[in-house]
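# Tertiary structure, described
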Amino acid sequence: GRACTRTVQRRVAEIGRQVDLAVSPHDLRHTMAKRALDEGAPLTVVSKLLGHARLETTARYVQPGWGDLEKAVERI
């Protein structure tokens, strides 16, 4: 329920503070999705892992970052 969600949010924030890093469950979710795609997982699989009903939602969620763009330019 909602109380469990808040507990996870607080615990993740607490661990982040211990290592001097601002992090949230959303950050971890996004990072997991991005890494899965970077490692070659199909968008359909990542979408299912995230619980998204539509692939468009997942595609927006895992937009390429600056590092991805830099790598793409270097490959040209």
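Within every chain, residues take consecutive numbers counted from 1 along the sequence as written. Side-chain atom pairs in this predicted model are given and counted only at pLDDT of 80 or more, local residue features only at pLDDT of at least 70, and totals for whole chains, interfaces and linings cover all residues. Values shown for side chains rest on all heavy atoms present in the structure; no hydrogens or waters enter the calculation.

### Focus: the pattern of salt bridges
Convention followed: Whenever a carboxyl oxygen of Asp or Glu lies within 4 Å of a side-chain nitrogen of Lys or Arg, that contact is scored as a salt bridge. Helix and strand assignments come from DSSP, with helices taken as H or I runs of at least 4 residues and strands as E runs of at least 2, each series counted from the N terminus. Relative accessibility under 20% of the residue-type maximum defines a buried residue, over 50% an exposed one, and the middle range a partly exposed one, all with a 1.4 Å probe and only protein chains included.
Per the stated rule, a full pass over the model turns up 4 salt bridges. One salt bridge connects E14 with R11, and the closest N-O pair in it is separated by 2.7 Å. Residue E14 and its partner R11 are located together in helix α1 (residues 2–18), separated by 3 residues, close to a single helical turn. Residue K34 pairs with D68 through a salt bridge whose shortest N-O separation is 2.7 Å. With a gap of 34 residues between them, K34 in helix α2 (residues 25–38) and D68 in helix α5 (residues 66–75) connect regions that are remote in the sequence. Given a relative accessible area of 22%, D68 falls into the partly exposed group. A single salt-bridge network, built from bridges that share partners, covers K34, D38 and D68.

### Concerning the nonpolar core
For soluble globular proteins, nonpolar side chains are generally found buried alongside one another. Selection rule: Nonpolar core, defined: a set of buried Ala, Val, Leu, Ile, Met, Phe, Trp, Tyr and Cys residues in which side-chain atoms within 4.5 Å join the residues together. Any two residues whose heavy atoms approach within 4.5 Å at even a single point are treated as in contact.
Core analysis: the largest hydrophobic core is formed by 6 residues, namely A33, A36, V46, L50, Y61 and V62. For V62, the residues in contact, after removing those within four places along its chain, are H30, A33, K34 and L37.

### Focus on the packing of α2 against helix α3 (residues 43–50)
Basically, it comes down to this: Axes, fitted as lines to C-alpha atoms, cover a helix only where it is in contact. Angles between the N-to-C directions of the axes lie from 0 to 180 degrees. Each angle is binned into one of four classes, with values under 35 degrees roughly parallel, values over 145 roughly antiparallel, values of 65 to 115 roughly perpendicular, and all other values oblique. Here is the rule for handedness: rotate from the far helix to the near one, and if that takes an anticlockwise turn smaller than a right angle the crossing is left-handed, while a clockwise turn gives right-handed.
As a packed pair, α2 and α3 sit with axes 9 Å apart at the nearest point and diverge in direction by 160°. In terms of axis orientation, α2 runs roughly antiparallel to α3. In the crossing of α2 with α3, the sense of the turn from one axis to the other is right-handed. Here α2 contributes R29, M32, A33, A36 and L37 to the contact with α3, which in turn contributes L43, V46, L49 and L50.

### Overview of the confidence of the model for the chain
Filter applied, for reference: A score from 0 to 100, pLDDT tells how confident the predictor is in each residue.
Confidence in the prediction of the chain, expressed as mean pLDDT, is 87, and 96% of residues score 70 or more. Per-element confidence in the chain ranges from a low mean pLDDT of 85 for helix α4 (residues 55–61) to a high of 94 for α3.

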